[in-house]
Amino acid sequence: MLMKFLHGFNGLVNQLKSCGVKVSDMDIIVYILMSLPPEYDSTKSAIENQPSEHISLQFVVSRLLDAKALLKDRRVSETKAPSSESSNDVAFPTN
């Protein structure tokens with residue numbers, strides 16, 4: 001879904017540029033970050049806290065793809081993890 005969004009967004013930017021509209025990479029980055037769903041909040045925050053000289057469109061897209069992979073891995077591990085509701089295990093047993 002992220003890739004579909006990025007490709008679609010890139011197409012819109014290219015259309016704007018072909019009409020003579022100047023769109024800076026920072027404009028693109030800001031719009032992408034504002035459009036992210038809540039599950040990307042920590043990634044968004046990490047990107048926003050980078051020194052501006054380190055932020056490029058390539059950097060942002062790379063970080064978002066990394067975050068997507070981590071979110072996917074987390075979802076897979078959550079579906080494979082046994083439910084704690086049916087377990088009698090206690091983190092800190094008392095005697």
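Residues numbered from 1 in each chain as written. Predicted model: local features only at pLDDT ≥ 70, side-chain atom pairs only at ≥ 80, totals over all residues. Heavy atoms only, no water.

- Under the annotation held in an unreviewed UniProt entry, the protein carries the name Retrovirus-related Pol polyprotein from transposon TNT 1-94 and is attributed to Araneus ventricosus.

**Quick look at the overall build of the protein**
- On a plain count of helices and strands, the protein comes out with four helices and zero strands.
- When the helices and strands of the protein are placed in sequence order, the string is α-α-α-α.
- Each of the 95 residues in the protein was classed as buried or not, and the buried ones make up 20%.
- Sequence-distant contacts in the protein: of pairs separated by 6 or more residues, those separated by 24 or more amount to 60%.
- When the accessible surface of the protein is totalled, it reaches about 7,500 Å², and 56% of it is carbon and sulfur. (Helix = DSSP H or I, 4+ residues; strand = E, 2+ residues; numbered from the N terminus. Buried < 20%, exposed > 50% of the residue type's maximum accessible area, 1.4 Å probe, protein only. Contact = heavy atoms within 4.5 Å. Areas by Shrake-Rupley, 256 points an atom, 1.4 Å probe, with all protein chains shown as cover.)

**Considerations on helix H4 (residues 57–80)**
- Over its 24 residues, H4 extends 35 Å from the first C-alpha to the last, a length consistent with the 34 Å expected when each residue adds 1.5 Å.
- When H4 is considered as a whole, its buried residues turn out to be Phe59, Val60, Leu64, Ala67 and Leu71.
- Residues of H4 that are buried in the fold lie against helix H1 (2–18), helix H2 (25–35) and helix H3 (41–48). (Expected span 1.5 Å × (residues − 1).)

**Description of the packing of H1 against H4**
- Interhelical geometry of H1 versus H4 gives an angle of 160° and a closest axis separation of 11 Å. Classified by the interaxial angle, the pair formed by H1 and H4 is roughly antiparallel. Residues Leu2, Met3 and Leu6 of H1 form the contact with H4, whose own contacting residues are Val61, Leu64, Leu65 and Lys68.
- Residues that form the contact of H1 with H4 fall into these classes: six nonpolar, no polar and one charged. (Axes fitted to C-alpha atoms, helices over the stretch in contact; angles between N-to-C directions. Parallel < 35°, antiparallel > 145°, perpendicular 65-115°, else oblique. Nonpolar A, V, L, I, M, F, W, Y, C, P; charged D, E, K, R; others polar.)

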